[in-house]
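Notes for the structure review
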Amino acid sequence: MRRLLLASLLSATAASAASNVPPGYVQATDWLERSSEPGRYGPLNVLDGRDTTAWCVSGDAPASFTFGFKDIVTVDEVRVYTGDGSDRAAFKARARAKKLTLTGIKEARSVRVEDKRGLQAVPLKPALRGARFTLEVSDRFPGAKDGAPVCVTDIVFYSGGKALNGTWLAPKLRYNARLAPLLGTWFGGLKGAPHRFLSFYLDGTYSLTEEPLEGEVSTTVSGAYTLSGDKLSMDVPPHGRVTVRFPRADAEGTRPPDAALTFDGPVAEAWGQEFRGQR
């Protein structure tokens, strides 16, 4: 019965490489002034193509991002603006990413840049494919003082010679403290081995992908969502508008470690009752 409900709910689509698909979200482990002025150095800044904004994190904190796309993309080049490019003084005062590791579905590539301002193009050979990528700062150029924050101004993804993000995306990247904890991927199924992935994107859409553990074809369903106050609603075929229990964000607008989305009724029978914020 559960499998029949799921089959009627999810429309199977073949996963194919998509061109010109911008990142749907970016998450970071931490950033400067997250509690007092969270938009100033937040992770959205690395997608806007502007040297007046940057992501920065304290020198002793982990430095990594997760990027999510609405479709599988092939990334054959990244362009990195390391450090805080807002002005020359900030660039020298703060630490700059020197080596970054970009990980796709199954493989990873090392990205090395010079200690200079401006975008630096790094080809990826062979290219990386995926709908979710992690990017970790694994080495850095030191700042003016020990323990100085490390910064990255921009990360621009390229596929087939075309940029997937840039200044044209900037108007859609305004920080929203209520929305921020929802954006990204939520995990359903066994803890540590999820097989359902529910992602929420900046453009007001979501996608659910099921990757069966026993080799069956992956299936995906997508739709729109709205977040109004404490109410999260999703358009879920064939059920129409579904209200989801979504936990209140903490004071910093971040996702609590134990956060979960909870469904009721037929949707819960098909998708599972709970999606966790962590694997």
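Values in this document were obtained by computation on a predicted structure and should not be read as measured data. (Residues numbered from 1 in each chain as written. Predicted model: local features only at pLDDT ≥ 70, side-chain atom pairs only at ≥ 80, totals over all residues. Heavy atoms only, no water.)

The next subject is the nonpolar core. One finds Val46, Trp55, Phe67, Val78 and Phe157 to be the most contacted residues of the largest nonpolar core, which totals 37 residues. The element contributing the most residues to this core is strand S3 (residues 64–82), with 7 residues. Excluding residues that lie within four positions of it along the chain, valine 78 makes contacts with Leu102, Val111, Gln120, Ala121, Val122, Leu124, Val156 and Phe157. (Core = buried A, V, L, I, M, F, W, Y, C linked by side-chain atoms within 4.5 Å. Buried < 20%, exposed > 50% of the residue type's maximum accessible area, 1.4 Å probe, protein only. Helix = DSSP H or I, 4+ residues; strand = E, 2+ residues; numbered from the N terminus. Contact = heavy atoms within 4.5 Å.)

Under the criterion given, the structure shown has 15 aromatic pairs. When the centroid spacing of 6.4 Å and the interplanar angle of 65° are considered together, the rings of tyrosine 206 and tryptophan 271 count as edge-to-face. One end of the pair, tyrosine 206, is in strand S11 (residues 205–210); the other, tryptophan 271, is in helix H3 (residues 265–271), and 65 residues separate them in sequence. The two residues tyrosine 206 and tryptophan 271 agree in class, both being buried. With 6.4 Å between their ring centres and 85° between their planes, tryptophan 271 and phenylalanine 275 make a pair best called edge-to-face. For phenylalanine 275, a relative accessible area of 0% gives the class buried. Through a chain of ring-to-ring contacts, three or more aromatic side chains come together here, namely Trp55, Phe65, Phe67, Phe69, Phe133 and Phe157. Its guanidinium or amino end placed over the ring of tryptophan 31, arginine 34 lies 5.7 Å from that ring's centre, counting from NZ or CZ. (Phe/Tyr/Trp six-rings, centres within 6.5 Å; stacked < 30°, edge-to-face > 60°. Lys NZ or Arg CZ within 6 Å of the ring centre and 35° of its normal.)

This part covers the side chain of threonine 185. Examined against the element boundaries, threonine 185 turns out to sit in strand S9 (residues 184–190). Threonine 185 gets classed as buried once you look at its relative accessible area, which sits at 4%. Reaching out from threonine 185, the side chain makes a polar contact with the side chain of tyrosine 25 at a distance of 2.5 Å. (Polar contact = N/O pair within 3.5 Å; in protein donor to acceptor, adjacent residues only side chain to side chain.)

What follows concerns unusual backbone geometry. A cis amide bond links lysine 125 with the next residue in sequence, proline 126, at an omega value of -5°. Mapped onto the fold, proline 126 is located in strand S6 (residues 120–141). In this model, proline 237 is joined to proline 238 through a cis peptide bond whose omega is 0°. In this fold, proline 238 is placed in the loop between strand S13 (231–236) and strand S14 (240–244). A positive phi angle is found at glutamate 33, which is not glycine, with a value near 55°. With respect to the element layout, glutamate 33 can be found in the loop between strand S1 (23–28) and strand S2 (55–57). When its relative accessible area of 31% is taken as the criterion, glutamate 33 is described as partly exposed.

Bringing the confidence of the model for the chain into the picture now. Mean pLDDT over the chain: 88, with 89% of residues reaching 70 or higher. Within the chain, strand S7 (residues 150–159) carries the highest mean pLDDT (98), whereas helix H1 (residues 2–9) carries the lowest (39). (pLDDT = per-residue confidence, 0-100.)

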